[in-house]
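Summary of the model geometry
Here are the chains, one letter per residue:
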Amino acid sequence: MSQIKISENKYYTIFVSPEKNRAYLKIIGFWRNPEIVPNYLSDWNTALSKLKKGFTLLTDASEMKTHPQEVVKLHEQAQAILLKNGIKKVAEILKDDIAEMQLNAVAKATQFPKKNFRLAEDAEKWLDE
């Protein structure tokens, strides 16, 4: 399966697979504020230009640390963009209970269609259904 790299930095990576109509996001570590990820939303717009309505997203948040409120707002903006562009479902890989609670709260606020997983294989399988 070929993947197109949209962005790769020390805070996140975004890849897309046009064949699977799927985006892959990995959130890494602690984001102190939105300024440290200035291209996050524009990277999403680039990724979305390569996907069709009904796309899926696999988010690997296993290395994510809980984010401050202004960064949470950035995630809400990103989710709003994804929803507007026709996302079908989202699988999130989580290891940290606090990060999981935070991401669940964000998803609830934005009505994001996501399910949590501990293993990437399970998440991928669910998205393929």
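Now for a quick tour of the structure.

Conventions we followed
Residues numbered from 1 in each chain as written. Predicted model: local features only at pLDDT ≥ 70, side-chain atom pairs only at ≥ 80, totals over all residues. Heavy atoms only, no water. Helix = DSSP H or I, 4+ residues; strand = E, 2+ residues; numbered from the N terminus. Buried < 20%, exposed > 50% of the residue type's maximum accessible area, 1.4 Å probe, protein only. Contact = heavy atoms within 4.5 Å. Lys, Arg positive; Asp, Glu negative; His and termini not counted. Charge placed at Lys NZ, Arg CZ, Asp CG, Glu CD. Phe/Tyr/Trp six-rings, centres within 6.5 Å; stacked < 30°, edge-to-face > 60°. Lys NZ or Arg CZ within 6 Å of the ring centre and 35° of its normal. Core = buried A, V, L, I, M, F, W, Y, C linked by side-chain atoms within 4.5 Å. Salt bridge = Lys/Arg side-chain N within 4 Å of Asp/Glu carboxyl O. Pairing = 2+ DSSP bridges.

Regarding its fold elements, the chain presents four helices and six strands. Ordered by position in the sequence, the α and β elements of the chain form the string β-β-β-α-β-α-β-α-β-α. In terms of its C-alpha atoms, the chain occupies a principal-axis envelope of roughly 35 × 30 × 25 Å. Considering the chain as a whole, with its 129 residues, one finds that 50% of them fall into the buried category. In the chain, of all internal contacts separated by at least 6 residues, the share reaching a separation of at least 24 is 69%. Each charge sign in the chain was given a centre, from 20 positive and 17 negative side chains, and these centres are 4 Å apart.

With that settled, the discussion passes to the packing of aromatic side chains. Overall, the coordinates contain four aromatic pairs when judged by the stated rule. Ring plane angle 75° and centroid distance 4.9 Å describe the contact between Y12 and Y40, whose orientation is recorded as edge-to-face. Residue Y12 is located in strand β2 (residues 12-17), and its partner Y40 is located in helix α1 (residues 40-48); the two are separated by 28 residues in the primary sequence. When sorted by exposure, Y12 lands in the same class as Y40, which is buried. When the centroid spacing of 5.1 Å and the interplanar angle of 80° are considered together, the rings of W31 and Y40 count as edge-to-face. Classification of W31 by relative accessible area gives buried; the value is 0%. Site record: aromatic cluster; members linked through ring pairs are Y12, W31 and Y40. In this structure, K89 packs its charged tip against the face of W126, placed 4.3 Å from the ring centre.

A word on the nonpolar core. Nonpolar side chains in soluble globular proteins tend to be buried together. Counting 32 residues, the largest nonpolar core has W31, Y40, W44 and L57 as the members making the most contacts within it. The set of elements that each furnish at least two residues to this core consists of β2, β3 (22-29), α1, β4 (56-64), α2 (69-84) and α3 (97-110). When sequence neighbours within four positions are dropped, the list of residues in contact with L57 reads R22, A23, Y24, L25, W44, L82, I87, K89, V90, A91, F112 and L127. Membership of the second largest hydrophobic core comes to eight residues, among which are L58, A91, I93 and W126.

The tally for this structure, following the rule as stated, stands at 10 salt bridges. The salt bridge involving K26 is made with E63; its shortest N-O contact spans 2.9 Å. In this pair, K26 is assigned in strand β3 and E63 in strand β4, connecting sequence segments 37 residues apart. With a shortest N-O distance of 2.8 Å, K114 and E92 are connected by a salt bridge. Taken together, the residues K114 in strand β6 (residues 114-117) and E92 in strand β5 (residues 89-93) connect sequence positions 22 residues apart.

What follows covers the pairing of strand β1 (residues 4-8). Across four bridges, β1 lies against β2 in antiparallel orientation. By the bridge assignment for β2, I4 is matched with V16. The turn linking β1 back onto β2 is made up of three residues.

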